[in-house]
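Structural overview
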Amino acid sequence: MSDHRDYTPPSNIWEVNRQLQRDAPLAYDDPRWVDTAKARGEISFTELYRQLGVAVGDRDRPETWRLAAAPDVAYHLFCGHVGSGKSTELRRITHRLDRPNLFLVVTLDAGAELDPHNLQYQDVLLALARNLLADLAEQGIEIDADHWRQLAGWFDERIEQHEETRSYAAELRAGAQAKSGLPLLASLFAGVTAAIRTNATHKETLRRIVRNHYADFASAFNDLIRAAEDACHEAGLGARILFIVDGTDKQRGEDAEAFFVRDVHQLKAIDGIFLYSTPIRMLHAYGALNQHFTGVFKLPMIKLVEKDGARHEAGWAAMRELLYRRAPQSLFERADVADHLIAHSGGHPRDLLRLLSIAFSKATGEHFDMPGAKGAVAEVAAGYRRLLEADDYPLLAAIDAQPDDEHNMKRVRELLDQLVILEYNAYWWRTHPAVQTLPAYRKQVETHDG
């Protein structure tokens, strides 16, 4: 997460570039955050909150909200393009819902705490158990030993007594010898999670242990969750526990399929309320996701144009504000320099910042100039060109001409994943504007129109 405590707006383009963090999500109160709900189209987070059982009062005062009817169990997906702002919005959701009148929110950033490019359900659930234990210990919440002893027994029997992990488990216990109860158990699970992230040998062994003895683990974790919810409610820390998992949207190919499709029953064996980030292509690849998960909330791209090509002013306004909060308007040689970057971002926040960074490198003076902006677009377009085959250009031209028609969905899913195609509200697509500058694309459009 980006640190904004000492943030001051940059006064020159060198400071703009130094402070630019394209991949870092913003804290809930970061001054660079921009409300993009209207810019994305007709979306409302209230829909997600209602699915979680939250009755929203004053939209800007979560302390007036109440947990009207939280589901016993729920497994929600939070979906959108990589770089669309999901992580930032998940942090704002956490801030709104982590309240005594609502939830104790237990978060997991799989991108930071695990390896998002080699991720399995065992890694995530072990890390969630660790984070719940750590939160309880930090808050000083006491739970009757009968309700966490099952999880401690599982660790002892399955990990400490396993031939391949016995010595490592002994090291973990020795390192936590001053602790007892929940803090000790939290420390032991922290060690297991660290091994899964960094130790290739122990990673596969630990995964196999969880897989082979999953029913016992799930039963022990469920007992802990139930007891923790009761204890948190009594302590005034939240009526229920909500698990928010970020970073699982960074999975690719078979890893994503395994996590969200093949292993979905393992995820649902844990009884609780969960919100998982997910890759956008999974929604188009597997219609069964809607059957296995309670609900899907999609964060569409910011719209610069409507489906019919009309200009979407709310989208332009949001993207300008997003840009100017990082690079003040006075640092652009002309207003159309900023507009050129915005227009060719396609409403994709991270790509806008990427264009800005490249434009800085190509600028010749102390302002962002048009040659630099055009050079940035050309460089980004060249990067996308490397992802494309000759047969892709007719597909892209057809999508832009008839966004509602059926197309080659297998290839569309891949191009959505690669950001060559961007998805907007009401589930319509448009080729990334930088890609539209490529000669092969323009030639195909001329052929298609002719």
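Because the structure is predicted, anything quoted here is derived from the model rather than measured. (Residues numbered from 1 in each chain as written. Predicted model: local features only at pLDDT ≥ 70, side-chain atom pairs only at ≥ 80, totals over all residues. Heavy atoms only, no water.)

**Some thoughts on the pattern of salt bridges**
Applying the stated rule across the entire model yields 30 salt bridges. When the shortest N-O distance is used, the salt bridge between Asp249 and Lys86 registers 2.9 Å. Within this pair, whereas Asp249 is found in the loop between strand 5 (240-246) and helix 11 (253-262), its partner Lys86 is found in helix 3 (residues 86-97), the two being separated by 163 residues in sequence. Both residues of the pair, Asp249 and Lys86, count as buried. Salt bridges sharing partners connect three or more residues here, namely Asp392, Lys410, Arg411 and Glu414. (Salt bridge = Lys/Arg side-chain N within 4 Å of Asp/Glu carboxyl O. Helix = DSSP H or I, 4+ residues; strand = E, 2+ residues; numbered from the N terminus. Buried < 20%, exposed > 50% of the residue type's maximum accessible area, 1.4 Å probe, protein only.)

**Section: the sheet that holds strand 5**
The strand order 4-5-6-3-7 describes an open sheet built from five strands, whose pairing is parallel. Taken across any chain shown, the strands that pair with only one partner, and hence form the sheet edges, are strand 4 (103-109) and strand 7 (295-298). Sheet twist, expressed as the average angle between the axes of neighbouring strands with direction ignored, equals 20°. For strand 3 (residues 74-80) and strand 6 (residues 273-279), the ladder comprises seven bridges, and the chain directions are parallel. Bridged to Gly80 within strand 6 is Pro279. Docked against the sheet, helix 10 (residues 214-235) engages strand 4 and strand 5, running at close to 120° with respect to strand 5. Relative to strand 6, helix 11 is tilted by about 150°, and along the sheet it contacts strand 3 and strand 6. (Pairing = 2+ DSSP bridges. Axes fitted to C-alpha atoms, helices over the stretch in contact; angles between N-to-C directions. Contact = heavy atoms within 4.5 Å.)

**So, the pairing of strand 5**
Counting buried positions along strand 5 yields seven of seven residues, so the element is predominantly enclosed. Burial along strand 5 is two-sided: Arg240, Leu242, Ile244 and Asp246 and Ile241, Phe243 and Val245, pointing in opposite directions, are all buried. Two strands pair when backbone bridges link them, and strand 4 and strand 5 are joined in this way by seven bridges, in the parallel orientation. Bridge assignment links Phe103 to a residue of strand 5, and that residue is Arg240. Inspection of the sheet shows strand 5 paired to strand 6 by four bridges, in the parallel sense.

**Points about the nonpolar core**
Looking at soluble globular proteins, one finds that nonpolar side chains tend to be buried together. Counting residues in each nonpolar core, the largest one holds 66 residues, and the members touching the most others are Leu128, Leu132, Ile143, Phe189, Phe221 and Tyr276. With sequence-adjacent residues up to four places away left out, Ile143 is seen in contact with Leu136, Trp148, Leu182, Leu224, Ala227, Ala228 and Ala231. With 58 residues, the next largest nonpolar core counts Met319, Leu352, Ala376 and Tyr424 among its residues. (Core = buried A, V, L, I, M, F, W, Y, C linked by side-chain atoms within 4.5 Å.)

**Points about the packing of aromatic side chains**
What the rule picks out here adds up to 19 aromatic pairs. Their ring planes at 50° and their centres at 5.8 Å tell us that Phe217 and Phe221 sit as a pair that is tilted. With a gap of four residues between them, Phe217 and Phe221 both fall in helix 10, about one helical turn apart. The same class applies to Phe217 as to Phe221, namely buried. Measuring from centroid to centroid gives 4.9 Å for Phe259 and Phe260, while their planes differ by 75°, and the two rings are edge-to-face. Among the residues examined, Phe259 registers a relative accessible area of 1% and is labelled buried. (Phe/Tyr/Trp six-rings, centres within 6.5 Å; stacked < 30°, edge-to-face > 60°.)

**Things to note about the side chain of Glu229**
Tracing the chain through its elements places Glu229 in helix 10. A polar contact of 2.9 Å, which involves the side chain of Glu229, links it to the side chain of Arg240. Those residues in contact with Glu229 that lie beyond four places of it in its chain are Gly238, Ala239, Arg240 and Ile241. (Polar contact = N/O pair within 3.5 Å; in protein donor to acceptor, adjacent residues only side chain to side chain.)

**A word on the pairing of strand 3**
Summarising burial for strand 3: seven of the seven residues are buried, a large majority. Both faces of strand 3 are covered, namely the face carrying Ala74, His76, Phe78 and Gly80 and the face carrying Tyr75, Leu77 and Cys79.

**Thoughts on unusual backbone geometry**
In this model, Leu419 sits at a positive phi of 70°, which is unusual for a non-glycine residue. Here Leu419 is to be found in the loop between helix 20 (409-417) and strand 8 (421-424). The class for Leu419 is buried, based on a relative accessible area of 13%.

**Looking at the environment of Ala440**
Positionally, Ala440 belongs in helix 21 (residues 439-449). A sequence separation of 50 residues divides Ala440 from Ala390, and the C-alpha atoms of the two residues are 8.2 Å apart.

**Notes on the packing of helix 17 (residues 349-362) against helix 18 (residues 370-385)**
It is at 8 Å that the axes of helix 17 and helix 18 come closest, and there the two elements cross at 125°. The angle between the axes of helix 17 and helix 18 places the two elements in the oblique class. In this structure, helix 17 meets helix 18 at a crossing whose hand is right-handed. Counted together, Asp351, Arg354, Leu355, Ile358, Ala359 and Lys362 of helix 17 and Gly372, Ala373, Gly375, Ala376, Val377, Glu379, Val380 and Tyr384 of helix 18 form the full contact between these two elements. (Parallel < 35°, antiparallel > 145°, perpendicular 65-115°, else oblique. Left-handed = near helix turned anticlockwise from the far one by under 90°.)

**Some remarks on the confidence of the model for the protein chain**
Predicted confidence across the protein chain gives a mean pLDDT of 92, with 97% of residues reaching 70 or more. Averaged over each element, pLDDT in the protein chain is lowest for helix 13 (residues 281-285) (78) and highest for helix 18 (98). (pLDDT = per-residue confidence, 0-100.)

**Examining helix 6 (residues 149-160)**
When we look at burial in helix 6, the residues that qualify are Leu151, Trp154, Phe155, Arg158, Ile159 and Glu160. Buried residues of helix 6, seen end-on, are gathered within an arc of 160° and therefore sit on one face of the element. Close packing links the buried residues of helix 6 with helix 5 (121-139), helix 7 (166-175), helix 8 (181-198), helix 9 (200-212) and helix 10. (Arc of directions from axis to C-beta.)

**Quick notes on the environment of His284**
You can see His284 is positioned in helix 13. Judged by its relative accessible area of 21%, His284 is partly exposed. For His284 and Gly346, which are 62 residues apart along the polypeptide, the C-alpha to C-alpha distance reads 21 Å. Setting aside residues up to four positions removed in sequence, His284 forms contacts with Met409, Arg413, Leu416, Glu423 and Trp429.

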